[in-house]
Amino acid sequence: SSGINAEYGQSVEECAGVTYNRASKTCTAKNKRTGDGIQPNSNAESVSLMCLSANRGGVGRCAKNGVRFTGSVIQTTTVNSLDLCIQLCTNKHNCESVSYNASSRSCEIHNKRLGASRSNSSGWTSVNMYCLGLEHF
């Protein structure tokens, strides 16, 4: 079985890939899908976390209802739906997640996957773009 710990990579901010070294039994998070280049190495296994996106869910599974990501807002705007907020994020450099309030139509764009912190906030829905498989590389 593979020694790659994709869960480790998913918990590291800006991680795009993971390399596992069998000899040293270490996992290294990478901020680029292929690191600084691809080199054959019989002791290493690498995986791009984007390749795992097929196992991720849609908005229904990824949305955190009643949760507002905080402390990492890079833009706030008004849009008519959560889907439009997500679409805005996919076109915004460094967007990692969104928080949306349907009643005020407020869309907050964040530069961290789960915000710098989280709060329980009625009316807010937050979505991690990595969960959707829509993050930037």
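Here we come to the state of the cysteines. Taken as a whole, this structure holds 3 disulfides when the rule is applied. Note on cysteine connectivity: Cys89 is disulfide-linked to Cys95, with sulfurs 1.7 Å apart. On the sign convention where negative means left-handed, the S-S torsion of about -105° between Cys89 and Cys95 marks this disulfide as left-handed. For the protein, the disulfide bridges join cysteines in the arrangement 1-6, 2-5, 3-4, where the cysteines are counted in sequence order.

In this fold, Asn101 is placed in strand S6 (residues 97–101). For Asn101, a relative accessible area of 8% translates into the label buried. At a separation of 2.8 Å, a polar atom in the side chain of Asn101 contacts the side chain of Ser103. There is a polar contact of 3.0 Å between the side chain of Asn101 and the backbone nitrogen of Ser104.

With that settled, consider the nonpolar core. Ile86, Val98 and Val127 are the most contacted members of the largest nonpolar core, which totals 16 residues. For this core, the secondary structure elements donating two or more residues are helix H3 (82–90), S6, strand S7 (106–110) and helix H4 (129–132).

Each regular strand carries side chains that alternate between the two faces of the sheet. By the bridge criterion, 7 bridges tie strand S4 (residues 63–70) to strand S8 (residues 117–128) in an arrangement that is antiparallel. Considered in S8, the bridge of Ala63 is made with Val127.

The next point concerns the confidence of the model for the protein. Counting all residues, the mean pLDDT for the protein is 78, and 64% of those residues have values of 70 or more. The model gives residues 1–7 a pLDDT under 50, and that stretch makes 12 contacts with residues more than four places away or in other chains.

A few words on H3. Turning to H3, its buried residues are Leu82, Cys85, Ile86 and Cys89. Buried residues of H3 fall within an arc of 100° about the axis and therefore sit on the same side. On the buried face of H3, the contacting elements are helix H2 (59–62), S6, S7, S8 and H4.

Here we take up the pattern of salt bridges. The final tally for this structure, using the stated rule, is 2 salt bridges. The residue Arg68 makes a salt bridge to Glu108 at a minimum N-O spacing of 2.4 Å. Of the two residues, Arg68 is situated in strand S4 and Glu108 in strand S7; the sequence distance between them amounts to 40 residues. When its relative accessible area of 6% is taken as the criterion, Glu108 is described as buried. Residues Glu96 and Arg113 are paired through a salt bridge, measuring 3.6 Å at the closest nitrogen-oxygen approach. With a gap of 17 residues between them, Glu96 in the loop between H3 and S6 and Arg113 in the loop between S7 and S8 connect regions that are remote in the sequence. On the accessibility criterion, Arg113 (5% relative accessible area) is buried.

Each value, and the rule that gives it
Residues numbered from 1 in each chain as written. Predicted model: local features only at pLDDT ≥ 70, side-chain atom pairs only at ≥ 80, totals over all residues. Heavy atoms only, no water. Disulfide = S-S within 2.5 Å. Helix = DSSP H or I, 4+ residues; strand = E, 2+ residues; numbered from the N terminus. Buried < 20%, exposed > 50% of the residue type's maximum accessible area, 1.4 Å probe, protein only. Polar contact = N/O pair within 3.5 Å; in protein donor to acceptor, adjacent residues only side chain to side chain. Core = buried A, V, L, I, M, F, W, Y, C linked by side-chain atoms within 4.5 Å. Pairing = 2+ DSSP bridges. pLDDT = per-residue confidence, 0-100. Contact = heavy atoms within 4.5 Å. Arc of directions from axis to C-beta. Salt bridge = Lys/Arg side-chain N within 4 Å of Asp/Glu carboxyl O.

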